[in-house]
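Okay, here's what each chain looks like letter by letter:
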Amino acid sequence: MDFSFTEEQLMIQDVARRIAQEKIAPSAEHHDQTGEFPLDNIRLLGENGLMGIEVPEAYGGAGMDPVAYVLAMVEVAAADAAHSTIMSVNNSLFCNGILTHGTEAQKQLYVSAIAEGREIGAFALTEPQSGSDATAMRCRAVKQADGSFVVNGKKSWITSGPVAKYIVLFAMTDPDKGARGITAFVIDTARQGFGRGKTEPKLGIRASATCEIEFNDYVVNADEVLGNEGEGFRIAMGVLDAGRIGIASQAIGIARAAYEATIEYVKERKAFGQPIGAFQMTQAKIADMKCKLDAALLLTLRAAWVKGQGQRFSNEAAIAKLTASEAAMWITHQALQIHGGMGYSKEMPIERYFRDAKITEIYEGTSEIQRLVIARHETGLR
Ligand SMILES: Cc1cc2nc3c(=O)[nH]c(=O)nc-3n(C[C@H](O)[C@H](O)[C@H](O)COP(=O)(O)OP(=O)(O)OC[C@H]3O[C@@H](n4cnc5c(N)ncnc54)[C@H](O)[C@@H]3O)c2cc1C
């Protein structure tokens, strides 16, 4: 077993860290307070290969492996979680899905635009009445004689929905077939029949714009079907497996930022004549934070490595996402407690880390759903 990274992996980590520290971190508080979408930074990340890290260079990406993706995501998330949310949707949910299931023409058209940061991508599975149970979706795509489809319905909680040019959409084409009646499509938001609802006000990741989207007799051409008709559910689940490695990395970035700020604080802040880091109760918290952070990182790198080997990685991705998201929540909670009143203040980023961490336990499969995935894999029982 080799725990060292390749030169290429270290290079992309370095590029991500530089942009994160020089461009993203200084404006993180502004983006959190205003909720303004960080378009310039996203374009900069794209120009540097970070919007399509695993996308081959021929389609405008960096042509790197999943481990490189983890390293870069951690750096961006440590500076600002909202940026890493946008980055993860573009990389894992949009580019990865089209690269895996798209035609050559689809890869040329959609992947390059997103991987290079010229456009923003989105992924639309959730609806107002169906989240964890995606098969309960109501958005309908009805096939026409010429092979095109007419789409009607709503999708909710769509990350980057307010600004996306292209969206991977899942709609029911044959309701009698349940999961096997769902088909994936690529949508161009500039076309007639597509509409956007209000941007959601959120607890955290506030600069990652999220909204409801609506389809009213939107026509999808036959060559805009992703994969085959009826394969949509399988495509969505496969794409989410990869996405979970991204969200685990995001959780690690948030947790690392909170941990590092805490290490500095416990050395400076004094109580009862000594640094608060000298108290054994604080030391125990620091040790537990570090153990959880390292465990989350190692499990996430394992999932990425397995994916990079071309093996099945659903279970490893679920284990990584569950462990990392719960570690992030726990670590940011401890960080806030150790900072005392200052942890609760908007003058420090600790309360932002605490708010941002929560989403990692919810999207791309809640912690309960990760536990189901893992337990079903382990027992073979459903
Ligand atoms: C900020 C944000 C961004 C998002 N971005 C996107 C996006 O870009 N695209 C997209 O398609 N979706 C997106 N989502 C939606 C997200 O994936 C869903 O919110 C998530 O999957 C949970 O679905 P739900 O909210 O409908 O909760 P529900 O499915 O209603 O779940 C409610 C609770 O019940 C629990 N539960 C449900 N089923 C079970 C079960 N079988 N066993 C035990 N417990 C269960 C859940 O774990 C949860 O605690 C986003 C959500 C948020 C908040």
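Residues numbered from 1 in each chain as written. Predicted model: local features only at pLDDT ≥ 70, side-chain atom pairs only at ≥ 80, totals over all residues. Heavy atoms only, no water.

Let's talk about the layout of surface pockets
The computed volume of the second largest pocket comes to approximately 460 Å³. Surrounding the second largest pocket, 15 residues form its lining, D2, F3, L301, R302 and W305 being those nearest its centre. No other element matches helix α7 (residues 280-308), which puts six residues into the lining of the second largest pocket. Looking at the lining of the second largest pocket, its residues break down into eight nonpolar, three polar and four charged. The residue makeup of the lining of the second largest pocket includes at least three contributed by each of domain 1 (7-119) and domain 3 (234-379). (1 Å grid on protein atoms, 1.4 Å probe; cavity = no way out; pocket = protein on both sides within 12 Å on 5 of 7 lines; lining within 4 Å. Points joined across faces, edges and corners; volume = space filled by probe spheres on them. Helix = DSSP H or I, 4+ residues; strand = E, 2+ residues; numbered from the N terminus. Nonpolar A, V, L, I, M, F, W, Y, C, P; charged D, E, K, R; others polar. Domains from an automatic or database assignment.)

Structural notes on the pairing of strand β2 (residues 140-143)
Taken together, the four bridges between β2 and strand β3 (residues 149-159) define a ladder with antiparallel strand orientation. The partner of V142 across the bridge, within β3, is V150. Joining the antiparallel neighbours β2 and β3 is a turn of five residues, in which G147 adopts a positive phi near 90°. (Pairing = 2+ DSSP bridges.)

A short note on the domain arrangement of the protein
Considered domain by domain, the protein is made up of domain 1 (7-119), domain 2 (122-230) and domain 3 (234-379). With 25 residues of domain 1 at the interface, the matching set in domain 3 holds 29 residues. In this assembly, domain 1 packs against domain 3 so that about 2100 Å² is buried in total across both faces, 62% of it on carbon and sulfur atoms. Linking domain 1 with domain 3 are four salt bridges, by the criterion used here. Here D32 makes a salt bridge to R355, at a shortest N to O gap of 2.7 Å. Scanning the region where domain 1 abuts domain 3 turns up seven residue pairs in polar contact (both at pLDDT 80 or more). Only α1 (7-34), α3 (66-79) and α4 (81-101) provide two or more residues apiece to the side of domain 1 that touches domain 3. Residues of the side of domain 1 that touches domain 3, tallied by class, amount to 13 nonpolar, seven polar and five charged. (Contact = heavy atoms within 4.5 Å. Buried area = accessible area lost by both parts, 1.4 Å probe. Salt bridge = Lys/Arg side-chain N within 4 Å of Asp/Glu carboxyl O. Polar contact = N/O pair within 3.5 Å; in protein donor to acceptor, adjacent residues only side chain to side chain.)

Let's talk about the UniProt feature "domain: Acyl-CoA dehydrogenase/oxidase C-terminal" (unreviewed entry) in the protein
The sites that UniProt annotates as "domain: Acyl-CoA dehydrogenase/oxidase C-terminal" (unreviewed entry) are residues 230-377. Measuring from the first to the last C-alpha atom of residues 230-377 gives 24 Å, for a span that is 78% helix and 3% strand. (UniProt positions renumbered as here; feature names shortened; annotations may be inferred.)

Considering the site of the ligand
Close contacts around the ligand come from 18 residues, with F123, T126, S132, W157 and T366 the closest. At 2.8 Å, a backbone N or O of W157 approaches a nitrogen atom of the ligand. For the ligand, an oxygen atom lies 2.8 Å from a polar atom in the side chain of E368. Protein contacts shield 64% of the accessible area of the ligand, which totals 980 Å² for the unbound molecule. Among the elements that line the shell around the ligand, the one with the most residues is β3, at three residues. (Near = heavy atom within 4 Å. Areas by Shrake-Rupley, 256 points an atom, 1.4 Å probe, with all protein chains shown as cover.)

Focus on the packing of α3 against α4
Angle between the axes and distance between the axes: these two values describe a pair of packed helices. Relative to each other, α3 and α4 sit at 155°, their axes nearing to 8 Å. Between α3 and α4, the crossing angle belongs to the class labelled roughly antiparallel. Along its contact with α3, which presents Y69, A72, M73, V76 and A77, the element α4 presents A81, H83, S84, M87, S88, N91 and S92. The residue inventory of the contact of α3 with α4, partitioned by class, reads seven nonpolar, five polar and no charged. (Axes fitted to C-alpha atoms, helices over the stretch in contact; angles between N-to-C directions. Parallel < 35°, antiparallel > 145°, perpendicular 65-115°, else oblique.)

Regarding the packing of aromatic side chains
Across all of its chains, the model carries five aromatic pairs by this definition. Of the aromatic side chains, those joined through ring pairs into one cluster are F194, F215 and Y218. Residue placement shows K292 over the ring face of W330; its charged tip is 4.9 Å from the ring centre. (Phe/Tyr/Trp six-rings, centres within 6.5 Å; stacked < 30°, edge-to-face > 60°. Lys NZ or Arg CZ within 6 Å of the ring centre and 35° of its normal.)

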